[in-house]
Amino acid sequence: MGTVSGVLKINNKEFSSGEIHLTSVDQGAGASANLTTGGAFQIDGKLPVGDYKVYITKPSLGDVPPSEDGNPELRQPLKDVPKKYQSEATTDKIVTVSEGSNTLDVELTP
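Values in this document were obtained by computation on a predicted structure and should not be read as measured data. (Residues numbered from 1 in each chain as written. Predicted model: local features only at pLDDT ≥ 70, side-chain atom pairs only at ≥ 80, totals over all residues. Heavy atoms only, no water.)

With that settled, consider the overall build of the chain. Across its full length, the chain carries one helix and eight strands. Each helix (α) and strand (β) of the chain, taken in turn from the N terminus, gives the series β-β-β-β-β-β-α-β-β. A burial count over the chain gives 35% of its 110 residues as buried. In the chain, of all internal contacts separated by at least 6 residues, the share reaching a separation of at least 24 is 68%. Looking at the chain as shown, the accessible area adds up to about 6,400 Å², and 47% of this sits on carbon and sulfur atoms. (Helix = DSSP H or I, 4+ residues; strand = E, 2+ residues; numbered from the N terminus. Buried < 20%, exposed > 50% of the residue type's maximum accessible area, 1.4 Å probe, protein only. Contact = heavy atoms within 4.5 Å. Areas by Shrake-Rupley, 256 points an atom, 1.4 Å probe, with all protein chains shown as cover.)

By the element assignment, Ala31 lies in strand β4 (residues 30-34). Residues Ala31 and Gly45 lie 14 residues apart in sequence; the distance between their C-alpha atoms is 8.8 Å. Leave out the neighbours within four places in its chain, and Ala31 touches Ile20, His21, Leu22, Ile43 and Leu47.

Turning our eyes to something else, we now look at the sheet that holds strand β7 (residues 94-97). Taken together, the four strands give an open sheet; going across it, the order is β4-β3-β6-β7, and neighbouring strands pair in antiparallel fashion. Edge positions in the open sheet fall to β4 and β7, since each of these has one partner strand only. Sheet twist, expressed as the mean angle between neighbouring strand axes with direction ignored, is 30°. Pairing geometry for strand β3 (residues 19-24) and β4, over five bridges, is antiparallel. Bridge assignment links Leu22 to a residue of β4, and that residue is Ala31. (Pairing = 2+ DSSP bridges. Axes fitted to C-alpha atoms, helices over the stretch in contact; angles between N-to-C directions.)

A few words on the confidence of the model for the chain. For the chain, per-residue confidence averages 88 on the pLDDT scale, and 84% of positions sit at 70 or higher. Summarising per-element confidence for the chain, the mean pLDDT is lowest in helix α1 (residues 72-75) (51) and highest in strand β5 (residues 40-42) (98). (pLDDT = per-residue confidence, 0-100.)

Negative phi is the rule for most residues except glycine; trans is the rule for most peptide bonds. Positive phi, close to 50°, is recorded for Asn11, a residue that is not glycine. Note on placement: Asn11 falls in the loop between β1 (2-10) and β2 (13-14). The backbone of Asn12 shows a phi angle near 70°, a positive value even though the residue is not glycine. Along the polypeptide, Asn12 turns up in the loop between β1 and β2. Residue Asn12 is classed as exposed on the basis of its relative accessible area, which comes to 58%.

This is the structure in structure tokens:
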């Protein structure tokens, strides 16, 4: 089992407006975390060792709906994320989780 934290960059720029997902390529396990300032993320708990697909979704807002006049980042939070990285089915980004502590610098490019 391994713990996972890191930084997400898109086209070499830190990206902090979404949620990162890691889904096991062959075990069905997975986890997600909100991206924070500077693109940082921390997966709660431990993941089984192995390869994981990485994709990005809109940020989890919990029970609070976005305001109508809204923050433009909330209306189009994924505008800078290449389409292929917005779904588990289309992503080609794979990271490896090893035993122990894993610090992953995830770089997505078009």
